[in-house]
Structures are given as C-alpha cells and as structure tokens.
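Now for the letters of each chain:
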Amino acid sequence: MRFPALPDFPWDSLAGAAAVARGHPDGVVDLSVGTPVDPVPAAVGEALCAAWDSPGYPQTWGTPALREAAVEALARRHGAGLSATEGLDPDAVLPTIGSKELVAWLPTLLGLGADDVVAFPDLAYPTYEVGAQLAGARPARVADDEPLPAGTRLVWLNSPSNPTGRVLDAAALTDRVAEARAMGAVVAADECYLALPGPGVRTTSVLDPVVHGGGVDGLLAVHSLSKTSNLAGYRAGLVVGDPALVAGLLQVRKHAGMIVPRPVQEAMTVALRDDAHAAETRARYDGRRRVLRPALEAAGLRVEHSEAGLYLWATADEPCRTTVDRLAARGILVAPGEFYGPAGGAHVRVALTASDERIAAAAERLAD
Ligand SMILES: Cc1ncc(COP(=O)(O)O)c(C=O)c1O
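How each quantity is defined
Residues numbered from 1 in each chain as written. Predicted model: local features only at pLDDT ≥ 70, side-chain atom pairs only at ≥ 80, totals over all residues. Heavy atoms only, no water. Helix = DSSP H or I, 4+ residues; strand = E, 2+ residues; numbered from the N terminus. Rg over C-alpha atoms; globule rule 2.2 N^0.38 Å. Buried < 20%, exposed > 50% of the residue type's maximum accessible area, 1.4 Å probe, protein only. Contact = heavy atoms within 4.5 Å. Pairing = 2+ DSSP bridges. Axes fitted to C-alpha atoms, helices over the stretch in contact; angles between N-to-C directions. Parallel < 35°, antiparallel > 145°, perpendicular 65-115°, else oblique. Left-handed = near helix turned anticlockwise from the far one by under 90°. Nonpolar A, V, L, I, M, F, W, Y, C, P; charged D, E, K, R; others polar. Core = buried A, V, L, I, M, F, W, Y, C linked by side-chain atoms within 4.5 Å.

Okay, the overall build of the chain next. Helices and strands together make up the secondary structure of the chain, namely 12 helices and 13 strands. Against the globule reference of 21 Å for 368 residues, the chain gives a C-alpha radius of gyration of 20 Å, in line with a compact fold. With respect to the three principal axes, the spread of C-alpha positions in the chain is 55 × 50 × 50 Å. Across the 368 residues in the chain, those meeting the buried criterion constitute 54%. Within the chain, contacts between residues separated by at least 24 positions form 76% of all contacts whose residues are at least 6 apart in sequence.

A few words now on the pairing of strand β13 (residues 347-351). With five of five residues buried, β13 is to be regarded as a mostly interior element. Judged by which residues are buried, β13 turns out to be covered on both faces: His-347, Arg-349 and Ala-351 on one side and Val-348 and Val-350 on the other are all buried. Of the strand pairs in this sheet, strand β10 (residues 311-315) and β13 are connected by five bridges, and their pairing is antiparallel. Residue pairing for β13: Tyr-311 is matched across the bridge by Ala-351.

Attention now moves to the sheet that holds strand β3 (residues 117-121). Strand order in this open sheet of seven strands is β2-β8-β7-β6-β5-β3-β4, and the pairing throughout is mixed. The open sheet has two free edges, formed respectively by β2 (93-96) and β4 (138-142), since each of these has just one partner strand. Put simply, the sheet's adjacent strands are angled 20° from each other on average, direction ignored. Both strand β7 (residues 219-224) and strand β8 (residues 237-241) contribute to a ladder of five bridges, which runs antiparallel. Bridge assignment links Val-222 to a residue of β8, and that residue is Val-239. Along the sheet, helix α6 (residues 170-183) makes contact with β4, β5 (152-157), β6 (186-190) and β7, crossing β5 at roughly 165°.

Before going further, it helps to spend a moment on unusual backbone geometry. Residue Pro-160 follows Ser-159 across a cis peptide bond; omega there is -5°. With respect to the helices, strands and loops of the structure, Pro-160 is situated in the loop between β5 and α6. Omega for the peptide link from Asn-162 to Pro-163 comes to 20°, which places this bond in the cis form. Mapped onto the elements, Pro-163 comes out in the loop between β5 and α6. Of note, the phi angle at Arg-235 is positive, near 60°, even though the residue is not glycine. Examined against the element boundaries, Arg-235 turns out to sit in the loop between β7 and β8. The exposure class assigned to Arg-235 is partly exposed, which follows from its relative accessible area of 31%. With a phi angle near 50°, His-305 is a residue other than glycine that sits in the positive phi range. Turning to its location among the elements, His-305 is positioned in the loop between β9 (302-304) and β10.

How two helices sit against one another is set out by the angle between their axes and by the gap between those axes. The interhelical angle for the contact between helix α3 (residues 64-78) and helix α9 (residues 262-273), taken along N-to-C directions, is 25°, at an axis separation of 8 Å. Put simply, α3 runs roughly parallel to α9. Of the two possible hands of crossing, α3 and α9 adopt the one that is left-handed. The segment α3 lies against α9, with Ala-65, Leu-66, Ala-69, Ala-70, Ala-73, Arg-76 and Arg-77 engaging Gln-265, Met-268, Thr-269, Ala-271, Leu-272 and Arg-273. When the residues that make up the contact of α3 with α9 are grouped by side-chain class, the tally is eight nonpolar, two polar and three charged.

Ranked by internal contacts, the top residues of the largest apolar core, which has 42 residues, are Leu-31, Leu-292, Leu-296, Ile-332, Val-334, Val-348 and Val-350. Only α1 (15-22), α10 (276-298), β10, α11 (320-329), β11 (332-333), β13 and α12 (356-367) provide two or more residues apiece to this core. With five residues, the single largest contributor to this core is α12. Apart from residues lying up to four places away in sequence, Leu-292 is in contact with Leu-31, Leu-312, Val-350, Ala-351, Leu-352, Ile-359, Ala-362 and Leu-366. Of all hydrophobic cores here, the second largest spans 41 residues; its members include Ala-69, Val-117, Val-240 and Ala-267.

This is the structure we're talking about:
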C-alpha cells in the first residue's frame, strides 16, 4: 500500500500539555479545539428524530426543501438585503458531510494534480494543505497582500479566519476574486464562521454581488452548520455557487457515495429556516469573547485580529509552545499557532468553545 504522505495529526503533539492542564485541581479548561459545547437546538434534533424511518438511499443532491432553505438562509443572513445573494439557484446547492470533507477532497473532486497550485492563506486551517496533498497538487501559502503564484487553479479564502478571527472586507474579497478569475482559478470561500461576526463587525460572503459583480462563475462558498447551529456531531455542511462547478461536484460525489444521511438533511432544513438559534449562538460567543479577551490581555498577552469567529489569536512574543506550556500550568489548554503555518510560531489560538462556566474559570486562572 502507498498511502498519501500527510503531516502528523497536529493535536497528537499536544498530549504533554494536555496532561499537565488536566492535572489542575479544578479540572482542565480546554480551549484547544473549536468544537461546540452548547446544545443542539431542540427543533433541529426533533427533525432528525422524526426522520428516523429512512430506509432508502438519500439524494446526494439533497432534498429540494433543503436546497431552497439554504438559498433563503444565505439571502436572509448574509446580505445587507436580499440583493446580497439574489439570483442564487437552489440547484446550485450541494449538501456535504460537514465541510471538512469537502475542504479535504475539493482539489481531487476538481481533478487537480501535480501541475496545479492550490493557494490558501499563510495562516490557515490545516485541511487546505491536506486537500492539496491528497490530490497530489502543489500547496502554496499566500499572505493576503501577496499575489497568487503562477499555476494557481484553486484559491481558498477564509473570512472570518481560523485561526486569527480576521475578517476580509468586501474590497479585499473583490480583489482576490478578480485576480483568481484573471488566472482561470476557482475561488472557494470557506465561510463557516460567516454568521459569527463580533459586535459591530460586518462579514461579507463571496456570493455578495458587491464582491462578484453580478455572476458567480468560478465561485464556490463553503458553509457549515457545525458552529452556527451546534451541529458538528451531525456532519452538516453545504457548498453553493457556480452552477456548472456544483453540477460537476454532484456528478463525482454521486459516484463516490458522498451522501448526507436523510435525517441529517431534514435537521439541516429546519436549522437553515430558523435564525433565532443562530443569533443566540452568536450572542453566546460574543459574551465569551468579552470575558476572555481582556483576561488574556491582563495576563500579558497581545490579542490580534480576533474580531469575529470562534478564536482569539494571541501572542506573548515568545515561542508558541512556551505560551502553551505556561497556560497549561494554569489548567488552560490552547493550540500552538504553528499548527496553522510557520507565521504562527509566536502565537496561540484560544477557542471560545467552552461553557460560560469554563470561560469564567479560565479568566480567573489568568488573573492569579
Ligand atoms: C476554517 C474551517 N473550515 C472548515 C471546518 C470544518 O468544519 P465542519 O467539518 O465541522 O463543517 C473548520 C472546523 O473547525 C474550520 O475551522
């Protein structure tokens, strides 16, 4: 067997710090992974249960109701008005088994290979690189102010960013889209944190006409219900955008059996039709950000960006593993910035995905 050469799973290297943090007499505050801890919205769970008797194969394309609900949610939640996503075609929506699998397989599904560059931010979710490696394509870290390398066929954008919480404004998105289009590259915007802007922050979808100028050719937006709807355990994502690209993805995914289970499709439909729980989620994370950010700053860390999404990006101007170890000694586990690229070597990523009680405990420990 010749399995693809992939990096070691980074979290395995945190075992030592995790053991130290777990030794805290009041238990660990684990802020190392962005996994939701708040309840699944009841109506969403009920929709899953109601669809338990689903003996037949589900549609890879998703039910028409799901695709319709997705287009409506994008228009309602992510436009300054309906015009933001007006004209999006429900046929150009495809459910995915969470968004990570799409991120990992998109270069392969698009048929990219050794001659093709997959570009992604210099500080980035590790799966963009893994996806390029799985396809045998060439991964390239590209800072926001750097040009795309020659040979780029796929560009990942991620606003708000994991790990930095940075938001790209409409002008920055527009410039990247124009540059990619001029090279014939596909733009995939990973928008899994789009519905979680901090107070006073505006996030913009790549599907907003302000960005694309009236046509979605060459564009894909990747969405996830994991964070907005606390559905990481359901594996619920979707990709939407250029109808020709989505049709191509559908074709391959049908053959490959990449199908979202029918009960999950029903749960997603209910989640996408309801904005109240999404607003609640956002308010919860705003509250946690308000507690944790000043606590980190008072403890001597500098917090950069972090205006949206689920993470605080902080530095003590020292090697990230030193900061990880110092925080672990206080019973707080965070992720070293180097997981996200060499540019993160002096930073740590602090997730807001812990209960209010655990976030308050972290703030107290930081003050000691
Ligand atoms: C930037 C980014 N993209 C995609 C994902 C994958 O999310 P999921 O597979 O739960 O939809 C994550 C998860 O943390 C993420 O941070």
